[in-house]
Amino acid sequence: MSLCDSGPRCPELDGVSATPTLESSPCSAHLQQPGFAETKCSILKLAMASEKTFYLETFGCQMNAHDSEKVIGTLLHEGYRQVDVEEDAGLILYNTCSIRDKAEQKVFNRLNDYKKLHKAGKRFGVLGCVAQQEGEKIFDRAPYVSLVSGSASYRKLPEMLSRLEAGENRITGLDDRQTDETFETELTSRQNPYRGYITIIEGCDKFCAYCVVPYTRGKERSRGSASVLAEARRIADQGYTEIQLLGQNVNSYRDPEGKLSFAELLAAVGQVPGIRRVRFTTSHPRDFTPDIVQAIDAYPTLCDHVHLPVQSGSSRVLKMMSREYTYEWYLERISWIKAARRKISLSTDIIVGFPGETPDDFIKTMDLLQEVQYDCVFGFKYSGRPNTPALTMIDSVPEAEKVKRLQLVLDRQREIQRVNYARHLGEEMEVMVEGMNPARGQVAGRSTQNKPVNFTTSVPIAPAPGSYMRVKITNTFPNSLVGEAV
Ligand code: SAM
Ligand code: SF4
């Protein structure tokens with residue numbers, strides 16, 4: 001749950017449905033041509049029946065959304081066509097998330113909803129974290145699934161697809177978590193019209209006590225800086241002006257070529273011609289260094305926003321979580337960010353109800369909110385995850401108490417944001433257009449601080465996603481700003 005309007009990640013793990021079909025149906029297109037004979041249409045229909053089509057639905061974070069862009073690119077390259085409903089697809093894929101139990105359940109519900117399509121000859125594949133976590137058990141639970149692959153095995157997708165097409169069942173890609181290779185591909189099919197994602201580091205070696213990521217995404221491995229910069233230039237050539245660098249811990253980046261530190265890479269991406277905004281997420285406090293703030297100060301293209309998950313305000317709980325920092329250590333990093341020449345917006349993740357979290361520990365988290373004054377907080381109730389050390393601890397906080405603590409966090413945060421956002425009243429700022437809100441007749445966009453800005457314009461034509469406008473703020477809410485284009 002969060003008080004942020006689709007902030008730096010997708011914390012609610014709502015399914016992000018596949019993007020629109022790339023091509024229109026040949027039948028409808030041809031039928032509009034004068035004199036197009038019925039017979040020709042039948043031939044086309046036959047051809048379409050043997051056509052390779054896929055539907056892909058993504059659950060979870062931005063890393064997953066971007067993995068899906070790479071998977072889509074790979075499938076298109078292998079001759080598949082993307083469709084936007086399960087019924088039209090020969091191959092149905094779910095790219096899954098297992099960070100919290102609700103997300104995982106959603107995937108099995110979705111499989112259950114569509115299993116009837118198996119009888120119509122459709123094939124099913126489960127990708128991502130649930131695939132890696134549950135492995136071959138998925139075939140027992142959902143026998144109509146033919147392909148199960150974790151993200152570390154996506155490099156082998158073309159091979160797995162050939163086996164699928166040859167009629168093989170129970171195909172797995174599960175044994176590549178110890179790889180040093182990243183899933184680099186020039187085939188990425190970018191689905192976001194205004195933001196180009198680049199994964200610079202995959203996996204995680206930190207093993208926080210509650211977290212499945214090191215088990216599902218494998219060991220930490222960074223992509224070479226030359227390859228990252230080449231992709232940044234390619235993205236800019238495609239017309240993108242905003243780049244978001246991604247990693248479970250993006251600032252743990254270690255250039256395998258030994259050329260650039262994370263801060264230097266940020267600076268280099270920020271200097272790619274045509275790039276006006278660079279974001280990065282998620283930063284881990286352990287690896288947060290002062291040169292990141294110096295880079296933000298030095299390069300105006302680096303956005304005024306840092307997402308720095310704290311998880312708890314109690315050093316005792318942080319220790320139990322194996323976060324390997326204390327409250328004081330975390331606050332020191334916050335003080336570096338607050339000392340920047342530019343006002344850098346801060347956001348965080350908080351887990352309430354971790355095993356052993358006492359009322360006193362929880363008060364420390366509430367005090368931390370007051371101390372830091374974040375602009376956005378993603379709050380989660382602790383949920384026990386398979387294979388994690390925390391699962392052996394006694395889940396001592398009852399569900400009702402977790403609900404209560406989460407609500408208290410959100411209520412406190414709402415008040416903090418009400419004041420923070422109100423400070424923008426009367427300010428003029430640059431907003432990047434993300435889309436339209438037709439119901440309100442407003443353009444939706446985002447400030448460099450990642451704050452949602454909804455505004456009106458005096459011209460009748462909606463500005464294009466990815467364009468920039470100057471907006472004067474005329475009203476404020478706890479999680480959005482309202483204004484008029486100037
Ligand atoms: N690597 C980032 C870090 O260490 O800060 C976080 C990445 S994790 C994919 C996203 C967030 O999910 C975490 O910051 C944490 O708040 C939340 N999370 C992870 N495991 C959880 C669990 N078992 N129960 C509740 N929340 C969890
Ligand atoms: Fe999970 Fe911790 Fe790794 Fe973040 S650092 S992905 S919370 S194990």
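Definitions and cut-offs
Residues numbered from 1 in each chain as written. Chains lettered and ligands numbered in written order. Predicted model: local features only at pLDDT ≥ 70, side-chain atom pairs only at ≥ 80, totals over all residues. Heavy atoms only, no water. Salt bridge = Lys/Arg side-chain N within 4 Å of Asp/Glu carboxyl O. Helix = DSSP H or I, 4+ residues; strand = E, 2+ residues; numbered from the N terminus. Buried < 20%, exposed > 50% of the residue type's maximum accessible area, 1.4 Å probe, protein only. Phe/Tyr/Trp six-rings, centres within 6.5 Å; stacked < 30°, edge-to-face > 60°. Lys NZ or Arg CZ within 6 Å of the ring centre and 35° of its normal. Pairing = 2+ DSSP bridges. Right-handed = clockwise from strand over helix to strand, strands pointing away. Contact = heavy atoms within 4.5 Å. Near = heavy atom within 4 Å. Polar contact = N/O pair within 3.5 Å; in protein donor to acceptor, adjacent residues only side chain to side chain. Nonpolar A, V, L, I, M, F, W, Y, C, P; charged D, E, K, R; others polar. pLDDT = per-residue confidence, 0-100. Axes fitted to C-alpha atoms, helices over the stretch in contact; angles between N-to-C directions. Expected span 1.5 Å × (residues − 1). Arc of directions from axis to C-beta.

Let's talk about the pattern of salt bridges
A full pass over the atoms with the stated rule returns 36 salt bridges. As a salt-bridge pair, Glu 69 and Arg 190 come within 3.8 Å of each other at their nearest N and O atoms. Of this pair, Glu 69 sits in helix α3 (residues 62-77) while Arg 190 is found in the loop between β6 (171-173) and β7 (196-199), placing the two residues 121 residues apart along the sequence. Residues Glu 69 and Arg 190 agree in their burial class; the two are buried. For Arg 221, the salt bridge goes to Glu 202, with nearest N and O atoms at 3.1 Å. With Arg 221 in strand β9 (residues 221-222) and Glu 202 in strand β8 (residues 201-202), this residue pair connects regions lying 19 residues apart in the sequence. Arg 221 sits in the buried class, given a relative accessible area of 4%.

Describing the packing of aromatic side chains
The tally for this structure, following the rule as stated, stands at nine aromatic pairs. Ring geometry for Tyr 154 versus Phe 183: centroids 5.8 Å apart, planes at 70°, classification edge-to-face. With Tyr 154 in the loop between β5 (145-149) and α7 (157-165) and Phe 183 in the loop between β6 and β7, the pair connects residues that are 29 residues apart, well separated along the chain. Considered together, Tyr 154 and Phe 183 belong to a single accessibility category, that of buried residues. Both rings, one in Tyr 210 and one in Phe 354, keep their centres 6.3 Å apart while their planes meet at 80°; by these two values the pair is edge-to-face. Linking Tyr 210 in the loop between β8 and α8 (213-216) with Phe 354 in the loop between β13 (345-352) and α14 (359-372), this pair joins segments that are 144 residues apart in sequence. Through pairs of rings, three or more aromatic residues link up here, namely Tyr 210, Phe 354 and Tyr 382. In this arrangement the basic side chain of Arg 141 is found over the ring face of Phe 108, its NZ or CZ atom lying 3.6 Å from the centre. One Lys or Arg, Lys 451, reaches over the ring of Tyr 421 and ends 5.1 Å from the middle of that ring.

Re the pairing of strand β3 (residues 91-96)
The buried fraction of β3 is high, at six of six residues. By the alternation rule, side chains of β3 split into Leu 91, Leu 93 and Asn 95 and Ile 92, Tyr 94 and Thr 96, which are all buried. Pairing of strand β1 (residues 53-58) with β3, which is carried by five bridges, proceeds in the parallel orientation. Looking at the pairing, Tyr 55 lines up with Ile 92 of β3. Where β3 meets strand β4 (residues 123-128), six bridges bridge the pair, whose relative direction is parallel. For Thr 96, the partnering residue across the bridge sits in β4 and is Gly 128. Regarding topology, helix α4 (residues 101-114) serves as the crossover connection from β3 to the parallel β4, and that connection is right-handed.

Considerations on the side chain of Asn 454
Position of Asn 454 relative to the elements: it lies in strand β17 (residues 452-456). In this structure Asn 454 comes out as buried when scored by relative accessible area, which is 10%. The contact partners of Asn 454, leaving out residues within four places of it in the chain, are Arg 440, Gln 442, Val 443, Ala 444, Ser 480, Leu 481, Val 482 and Gly 483.

Section: the site of ligand 1
Close to ligand 1 lie 19 residues; Gln 248, Gln 311, Arg 323, Asp 349 and Ser 383 are nearest. Between ligand 1 and Asn 249 there is a distance of 2.9 Å, counted from a nitrogen atom to a side-chain nitrogen or oxygen. At a separation of 2.6 Å, an oxygen atom of ligand 1 approaches a polar side-chain atom of Asp 349. Elements supplying a minimum of two residues to the shell around ligand 1: β13 and β14 (376-381). Taken together, the residues of the shell around ligand 1 break down into seven nonpolar, six polar and six charged.

Some thoughts on the confidence of the model for the chain
Looking at the chain, the pLDDT average stands at 90 and 90% of residues meet or exceed 70. In this model, residues 6-48 is a region of pLDDT below 50 whose contacts with residues beyond four sequence positions or in other chains number 75 contacts.

Considerations on the sheet that holds strand β12 (residues 305-307)
Either a parallel or an antiparallel arrangement is found when strands of a sheet pair, and the pairing is made through backbone hydrogen bonds. The parallel open sheet is built from three strands, whose spatial order is β12-β13-β14. The two strands at the open ends of the sheet, each matched to only one other strand, are β12 and β14. Taken over all neighbouring pairs, the strand axes of this sheet differ in orientation by 10° on average, direction set aside. As defined by bridge partners, β12 adjoins β13 across three bridges and the pair is classed as parallel. Following the sheet pairing, His 307 is matched in β13 by Ser 347. With respect to the sheet, helix α15 (residues 399-422) is in contact with β13 and β14, its orientation differing from that of β14 by roughly 175°.

Regarding helix α13 (residues 327-338)
An α-helix turns once every 3.6 residues. As a result, residues three or four positions apart point the same way. Spanning twelve residues, α13 covers 16 Å between terminal C-alpha atoms, matching the ideal 16 Å at 1.5 Å per step. Within α13, the full set of buried residues consists of Tyr 327, Tyr 330, Leu 331, Arg 333, Ile 334 and Ile 337. The arc enclosing the buried residues of α13, seen along the axis, measures out at 155°, which places them on a common side. Contacts made by the buried residues of α13 are with α11 (290-298), β12, α12 (315-320), β13 and α14.

Quick look at unusual backbone geometry
Residue Thr 282 follows Thr 281 across a cis peptide bond; omega there is 0°. Within the secondary structure layout, Thr 282 lies in the loop between β11 (277-281) and α11. With a phi close to 50°, Arg 170 is a non-glycine residue in the positive phi region. Note that Arg 170 resides in the loop between α7 and β6.

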